[in-house]
Amino acid sequence: MPLDRARGGVLAHSLATPEGRVRKGTVIDDAVAARLEAAGFTEVVACLPQDGDIPEDEVAAWLACALASDGIEARAPFTGRCNLHATGPGVLEVSRAKIDALNALSDEVTVATLPEWQRVTEGMMVATVKIISFFANRAVLPDPPSGAAGALRLHRPAIDRAELIVTKLDGAPEKTAPVLARLDRLGVAHHVTEVPHETGALTAALTRGQAPLRLILTASATCDPRDVGPAALVAAGGTLTRFGMPVDPGNLLFLGDLGRAQVIGLPGCARSPALNGADWVLERLVCGVAVTHGDIAGMGVGGLLNEIPTRPQPRERAAK
């Protein structure tokens, strides 16, 4: 369109001028129009707002601010985008139904988030709102934003201390640093107790424990619910709520409680810093999110994680 007619609109393509590029999305006000005219442009490709149209940055900020909640902040919009960031560590709860509903409002409105229950750190981006076109019409934007409230929620760490109980056998691996590093990332104070790999010794350690979270790392892989780890939990008066999980690595995790304490029997892969099923359970429990038998049963889709190279029994044998 002629440059004069484009005033008040938005430039649809970047243009080079002697003073530098005028970028796509720039509002063509009098100063921009004069700059383009001085550079020899008489026509531009531009987008003019129609009745009820709202500029992309305003729409992005409007929706991002509606998605923001305690622990999640919206930052300044730019080029039709507004990002949301965590203000501290925790795990992210996402309502798929609400995010899907927002993305169904209009082709012009998009919201993308991290996967549900992703562990996040302070400053980490958890979601982004992007408006596809230069304007969105008020008619497709309910006020307040439909379903945005509660679509994103940051669960902050709620447990501040834990005990790692390690059973010992001659020749068994003793690496515990990756387990403690997981607790450090969430700000959980910890101490380590070592006992022989015997049901009685582990039962006594669990009974003496005072921490609201007690982790068991056995010298030998837990084979069934009557093995040393689960048997000690039951003998101490606890309840075994889940044995095994459909996440690999991480199959041999068990979960229970002892009084008010949460108890996790860690799989051997927790000795590696690589992501495994124990991370999904540990992070949620530390952040005060209940993990039930059914929750673990529902982790199978997406539960095939990257193989750990040092795994003693890899899921596939090497080809001859």
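Please refer to the structure placed before this passage.
**Topic: unusual backbone geometry**
For residues that are not glycine, phi is negative in most cases, and the peptide bond is trans in most cases. Omega for the bond connecting Asp248 with Pro249 falls within 30 degrees of zero, at 0 degrees, which places this linkage in the cis form. If you trace the backbone, Pro249 turns up in the loop between strand 17 (239-243) and strand 18 (254-258). Backbone geometry at Thr79 places phi at a positive 45 degrees, although glycine is not the residue there. Within the secondary structure, Thr79 sits in the loop between strand 6 (72-74) and strand 7 (81-86). For Trp117, which is not glycine, the phi dihedral falls at a positive 70 degrees. Position of Trp117 relative to the elements: it lies in the loop between strand 9 (109-113) and strand 10 (119-120).

**Quick look at the pattern of salt bridges**
All chains considered together, the criterion is met by nine salt bridges. Arg35 serves as the salt-bridge partner of Glu19, at 3.5 Å between the closest nitrogen and oxygen. A residue pair is termed long-range when its members are at least 10 positions apart, and Glu19 in the loop between strand 2 (15-17) and strand 3 (20-22) and Arg35 in helix 1 (residues 30-38) qualify at 16 residues. Between Glu93 and Arg153 there is a salt bridge, with the nearest N and O atoms lying 4.0 Å from each other. On the criterion of sequence distance, the pair formed by Glu93 in strand 8 (residues 90-94) and Arg153 in strand 13 (residues 152-155) is long-range, its members being 60 residues apart.

**Some remarks on the sheet that holds strand 16 (residues 213-217)**
With mixed pairing, six strands are arranged side by side in an open sheet as 15-14-16-19-18-17. A strand with exactly one partner marks an edge of an open sheet, and here the two such strands are strand 15 (189-196) and strand 17. Strand after strand, the sheet turns through a mean of 20 degrees between neighbouring axes, direction not considered. Bridge count for strand 16 against strand 19 (residues 261-265) is four bridges, and the pairing is parallel.

**A closer look at the side chain of Thr218**
Within the secondary structure, Thr218 is located in the loop between strand 16 and helix 6 (228-235). Classification of Thr218 by relative accessible area gives buried; the value is 7%. Only 2.7 Å separates the side chain of Thr218 from the backbone oxygen of Ser220, close enough to count as a polar contact. In this view, Thr218 contacts Thr167, His197, Gly229 and Arg271; residues no more than four positions away in its chain are not counted.

Conventions we followed
- Residues numbered from 1 in each chain as written.
- Predicted model: local features only at pLDDT ≥ 70, side-chain atom pairs only at ≥ 80, totals over all residues.
- Heavy atoms only, no water.
- Helix = DSSP H or I, 4+ residues; strand = E, 2+ residues; numbered from the N terminus.
- Salt bridge = Lys/Arg side-chain N within 4 Å of Asp/Glu carboxyl O.
- Pairing = 2+ DSSP bridges.
- Axes fitted to C-alpha atoms, helices over the stretch in contact; angles between N-to-C directions.
- Buried < 20%, exposed > 50% of the residue type's maximum accessible area, 1.4 Å probe, protein only.
- Polar contact = N/O pair within 3.5 Å; in protein donor to acceptor, adjacent residues only side chain to side chain.
- Contact = heavy atoms within 4.5 Å.

All quantities given are derived from atomic positions and should not be read as evidence of function.
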